[in-house]
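Residues per chain, in single letters:
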Amino acid sequence: AFSKKMYDNGYIVECCDVTDAGFKFKDKFKFTKIDINSDEFINFCETNEENYDIIISMETIEHLENPWRFMKGLKKLCKKERYIILTTPNIESPCSKYSFVVSNKFFHFSEGNLSYGHINPLTEFEILLIGKNLRLTCEEVMGGGEYPIIWLPENIIEFDLHKITWTLLHLFAFPFCKKVNLSWCKIYVLKKQNDNL
C-alpha cells in the first residue's frame, strides 16, 4: 500500500520483500523477491550498487538476523548524498520499558510476536551506532503513530488491567518522556556521506 501511494504521487518505485504473496501491483512497478537473511540480499546489493536516491526500509530490520549487514547493504544501494529512511518498532516507550522490567521482554517482542518474525529489538542507540560506523549521518529521528496516553476499554464499565496499567504508566511517564518515545515506531532519516570527500 505504501509503495502504491508513492507511485501514485509520481515516484519511480521498486519494491522487494521476502514473499510476493498478496503483492497486487506487479503491473505498475518492479518487484523483487529477496530473503534478506540470505546471500540473495548481498548479491542484490552488488548488482544494484548506488542505484537509488531514497531507500525506505519499513518495519524490516527487526525481522533480521544481522542488522549490521543489512545496513551495510542499504548503504551500498544508496547513491552518495542521498537518503535511507528506516522504521522499526519503538522499544523505548514507557510501556515497552515496563514490559521489559516485569517480563524481560520488550513490547512487540514477546512469544506472540515471534509468529510474524519479530526477533531483533533495536534501540535508538544501536541504530545510530550502526549509522555512525557506516558514515551515515542521522538527519532526524521521529515517532511514527502516536499511541494513546489514556487507553479506555470499549465498554466503560469493563475492567481491563492491561489498559489501566498502560494509562497509569503513561500518565506518570508523560512529563519525563521524550515525545519520540510516545509512538508505535521510530523513523530514522539517514544520509549517506560522500566518502570521496
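Nothing here was measured: the structure is a model prediction, and the numbers come from that model. Along each chain, residue indices are assigned from 1 in the same order as the chain's sequence is written. The predicted origin of the model limits local features to residues at a pLDDT of at least 70 and limits the giving and counting of side-chain atom pairs to 80 or more, whereas totals for whole chains, interfaces and linings rest on all residues. Excluded from the side-chain calculation are hydrogens and water; included are all heavy atoms of the structure.

So, on to the overall build of the protein chain. Numbered from the N terminus, helices here are DSSP runs of H or I no shorter than four residues, and strands are runs of E no shorter than two. Along the backbone of the protein chain there are six helices and six strands. Listed N to C, the secondary structure of the protein chain is α-β-β-α-β-α-β-α-α-β-α-β in terms of helices and strands. Seen through its principal axes, the protein chain has C-alpha atoms that stretch 55 × 40 × 30 Å. Each of the 197 residues in the protein chain was classed as buried or not, and the buried ones make up 40%. A contact between two residues is defined here by any heavy atoms of the two lying within 4.5 Å. Partitioning the contacts of the protein chain with sequence separation of at least 6, the portion at a separation of at least 24 is 70%. The Shrake-Rupley method, run with a 1.4 Å probe, gives the accessible areas here. Residue values count only the displayed protein chains as cover. Total accessible area computed for the protein chain in this model is approximately 11800 Å², and 56% of it derives from carbon and sulfur atoms. The buried label goes to any residue with under 20% of its type's maximum accessible area, the exposed label to any with over 50%, and the partly exposed label to all in between, with areas taken from a 1.4 Å probe on protein chains only.

Any Phe, Tyr or Trp ring, taking Trp's six-membered ring, that has another such ring centre within 6.5 Å forms a pair; planes under 30 degrees apart are called stacked, those over 60 apart edge-to-face, and the others tilted. Overall, the coordinates contain eight aromatic pairs when judged by the stated rule. Note on Phe100 and Phe106: the rings are 4.6 Å apart at their centroids and 20° apart in plane angle, and the pair reads as stacked. Look at Phe100 and you get partly exposed, because its relative accessible area is 35%. The structure contains a cluster of three or more aromatic residues connected by ring pairs, namely Tyr7, Phe23, Phe25, Phe29 and Phe31.

Note on terminology: pairs of cysteine sulfur atoms within 2.5 Å are recorded as disulfides. By the definition in use, this model includes zero disulfides. Cys16 forms no disulfide, and the closest cysteine sulfur to it belongs to Cys15, at a distance of 7.7 Å.

Judged by nonpolar contacts, the single largest core of 23 residues is most densely connected at Phe70, Met71 and Leu86. At four residues, helix α3 (residues 67–77) tops the list of elements feeding residues into this core. Setting aside its immediate chain neighbours within four residues, Met71 contacts Ile61, Leu86, Ile127, Ile130, Gly131, Leu134, Leu136 and Leu190. The nonpolar core is taken to be a set of buried Ala, Val, Leu, Ile, Met, Phe, Trp, Tyr and Cys residues, with the residues joined through side-chain atoms within 4.5 Å.

Only strands that DSSP links by at least two bridges are regarded as paired with each other. The strand order β3-β4-β6-β5 describes an open sheet built from four strands, whose pairing is mixed. Edge positions in the open sheet fall to β3 (52–58) and β5 (136–146), since each of these has one partner strand only. Sheet twist, expressed as the average angle between the axes of neighbouring strands with direction ignored, equals 15°. Where β5 meets strand β6 (residues 183–192), nine bridges bridge the pair, whose relative direction is antiparallel. Paired with Glu146 across the bridge in β6 is Ser183. Only the contacting stretch of a helix is used when fitting its axis, a line to C-alpha atoms as for every element, and angles between N-to-C directions run 0 to 180 degrees.

Another point: helix α4 (residues 94–103). The set of residues buried in α4 consists of Pro94, Cys95, Ser96 and Ser99. On its buried face, α4 is in contact with α6 (161–173).

Let us look at the pairing of strand β4 (residues 78–89). Both β3 and β4 contribute to a ladder of six bridges, which runs parallel. Looking across to β4, one finds that Met58 is bridged to Thr87. Call a crossover right-handed when, viewed with both strands pointing away from you, the route from the first strand across the helix to the second goes clockwise. Tracing the backbone out of β3, into α3 and back to the parallel element β4 gives a crossover that is right-handed. As paired strands, β4 and β6 are joined by seven bridges and run antiparallel to one another. Counterpart to Ile84 in the pairing with β6 is Leu190.

Backbone geometry follows two general trends: most residues other than glycine have a negative phi, and most peptide bonds adopt the trans configuration. We note that Glu59 has phi near 50°; this positive angle belongs to a residue other than glycine. In this structure, Glu59 sits in the loop between β3 and α3. A relative accessible area of 27% places Glu59 in the partly exposed class. Phi angles above zero are rare outside glycine, and Glu81 is one such case at about 65°.

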